[in-house]
Amino acid sequence: MEILRINKLQKSFGKNRVLKEISFTVNEGEFLTLIGPNGAGKTTLLNCLTLNLKWDSGDVFYKGENLKKVKEKFKKNINYISHNLFLYEQLTPIENLLFFSQAYNLNKGRDEIDKLLKRVNLLKFKGKKVATFSRGMKQRLTILRALLNNPEIIFLDEPFTGLDIKASEILSSLLFQLKKENRSVIMITHNITQAKNLSDRILGLYRGKISFQLERENFHQLEETFLPRVFK
Amino acid sequence: MKNFSIKILKKDLLIEFREKTSIINSLFFAFVTLIIFNFSFHPGSNSIKEAVSGILWIVIFFSGVLILKRGFEIEKENHTFEALLLIPDSHTSIYMGKLLSSLVILLFIELILFPLWVILFNVSFQRSILFVIFTILVVDVGFVSLGVVLSAISLTFNLKDVIFTIIFFPLLIPLFIGAVKLTEISIIGGELSSSYKWLKLITSFDIIFFWSGYLLFKFITEER
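Quick word on the nonpolar core
Ranked by size, the top nonpolar core spans 140 residues in total, and within it Leu 4, Phe 155 and Ile 186 of chain A together with Trp 117 of chain B carry the most contacts. Among residues more than four places away in sequence, those in contact with Phe 155 of chain A are Leu 4, Leu 46, Leu 49, Thr 50, Phe 74, Ile 78, Asn 79, Tyr 80, Ile 81 and Ile 186 of chain A. Of all hydrophobic cores here, the second largest spans 10 residues; its members include Ala 195, Ile 202, Leu 222 and Phe 226 of chain A.

Looking at the sheet that holds strand E3 (residues 31-35) of chain A
Residue and element names in this part refer to chain A. Strands sit in the order E6-E7-E8-E3-E9-E10 across an open sheet of 6 strands; the sheet is mixed. The open sheet has two free edges, formed respectively by strand E6 (78-81) and strand E10 (209-215), since each of these has just one partner strand. The average angle at which neighbouring strand axes cross in this sheet is 15°, direction not considered. Bridging between strand E7 (residues 153-157) and strand E8 (residues 184-188) involves 5 bridges; their strand directions are parallel.

So, the sheet that holds strand E4 (residues 57-62) of chain A
Residue and element names in this part refer to chain A. On the basis of which strands lie adjacent, the open sheet formed by 4 strands has the order E2-E1-E4-E5 and antiparallel pairing. The open sheet has two edge strands with one neighbour each: strand E2 (16-27) and strand E5 (65-66). Pairing geometry for strand E1 (residues 2-13) and E4, over 5 bridges, is antiparallel. Residue pairing across strands places Arg 5 opposite Phe 61, the latter belonging to E4. Against the sheet, helix H1 (residues 42-49) engages E1, E2 and E4, with an angle of about 60° to E2.

Side note on unusual backbone geometry
One can expect most non-glycine residues to show negative phi and most peptide bonds to be in trans. Residue and element names in this part refer to chain A. With a phi angle near 60°, Asn 121 is a residue other than glycine that sits in the positive phi range. Mapping Asn 121 onto the fold places it in the loop between helix H4 (110-119) and helix H5 (135-147). Residue class for Asn 121 comes out exposed when judged on its relative accessible area of 54%.

Notes on the confidence of the model for chain A
Looking at chain A, pLDDT values average 89 and 98% of them are 70 or higher. Per-residue pLDDT, averaged within each element of chain A, yields its smallest value for helix H8 (residues 222-230) of chain A (73) and its largest for E4 of chain A (96).

Calculation notes
- Residues numbered from 1 in each chain as written.
- Chains lettered and ligands numbered in written order.
- Predicted model: local features only at pLDDT ≥ 70, side-chain atom pairs only at ≥ 80, totals over all residues.
- Heavy atoms only, no water.
- Core = buried A, V, L, I, M, F, W, Y, C linked by side-chain atoms within 4.5 Å.
- Buried < 20%, exposed > 50% of the residue type's maximum accessible area, 1.4 Å probe, protein only.
- Contact = heavy atoms within 4.5 Å.
- Pairing = 2+ DSSP bridges.
- Helix = DSSP H or I, 4+ residues; strand = E, 2+ residues; numbered from the N terminus.
- Axes fitted to C-alpha atoms, helices over the stretch in contact; angles between N-to-C directions.
- pLDDT = per-residue confidence, 0-100.

Dropping the structure here:
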């Protein structure tokens with residue numbers, strides 16, 4: 001079932017048209033990856049879909065309803081993981097997770113937060129400030145933050161940035177977990193291997209337009225036929 | 001909504017009292033400025049009586065600016081402003097939370113610098129000291145209300161610090177003129193009717209900027 005429909009979305013910054021009539025759909029439980037060179041409009045598209053930016057024209061439908069009319073309902077059911085971590089470095093993991101859970105009116109107890117931290121191997125660091133964490137530890141914590149409100153759709157903007165091999169593996173297994181939980185995921189990445197491993201569908205973006213859409217069974221054609229179209 | 005404002009207040013105070021960035025900056029600025037002014041006047045001179053209320057408000061003004069800027073810097077450093085805006089119905093709570101946290105930190109600073117100012121300048125009051133304390137409270141509300149909105153605009157549109165200064169400082173002139181005049185009346189004495197005039201100016205400022213911030217914060221932070 002269709003969860004998001006993007007219809008002829010356009011966005012400009014001054015005279016620079018960054019998104020040009022972008023249209024695609026996302027299904028429930030689907031893992032969709034957007035790839036493309038720097039400046040293709042990937043992050044702008046994600047910022048529009050997470051309501052961080054206003055788009056100029058076109059429509060987005062969430063479960064058949066115009067997103068502009070159901071903004072707050074949509075916000076309740078999504079979350080966003082960016083290469084910017086959205087965590088308070090001055091606070092401990094527990095303080096961060098308690099704050100964000102209270103922000104969503106969830107009021108999770110410390111025991112529940114402890115269980116979540118254990119899930120990503122951060123329990124023994126629960127009293128340390130986030131500022132002392134490695135990039136990989138912070139990324140695991142930010143995934144917990146993003147899962148607090150049990151979102152239907154998760155947006156990921158280059159989550160593998162700055163991670164070493166081991167941290168990337170841990171992140172991949174967490175993302176596989178999201179897939180198993182039947183959540184819809186929209187991810188931007190430059191990591192083609194991870195994109196192929198995780199995605200059900202890959203969209204190529206080039207100069208603000210969708211250059212190709214590829215289903216999982218055709219991923220073997222990606223490197224030879226489709227990547228040259230966007231990484232010219 | 002009310003609940004989330006309190007959570008933001010608690011979170012900001014926890015970070016501020018843990019890091020002490022704006023508290024230390026503001027206190028040191030206030031302390032050094034008061035000492036310099038103290039050495040600029042001969043003890044017991046008449047000019048000290050005329051200048052003393054202005055000195056208090058110069059110190060509160062710049063200490064307050066340091067506190068207000070820090071309030072949103074925390075969100076900028078951690079990129080958490082986007083995460084706060086992603087939370088449903090959060091805009092007004094963010095405004096109220098930031099307003100309250102800046103107000104509490106500013107009051108904490110004033111709690112230290114006010115007795116210091118009284119002692120260093122040997123200030124004696126013709127009216128009740130409560131009159132000056134009340135003046136500080138009403139001025140702080142207007143100061144912080146406007147400061148929070150402009151800090152949010154600055155962060156949302158990624159404006160340079162200088163833009164914040166160019167817009168914020170001139171807008172505060174009427175508020176601080178009122179503050180200086182009311183403090184002067186309580187030190188030197190004067191007609192009660194003229195205090196009402198300045199008090200009216202300050203409360204009008206408070207009402208205009210508190211409500212415009214409260215009502216417009218959502219539109220300001222959404223408009224990108």
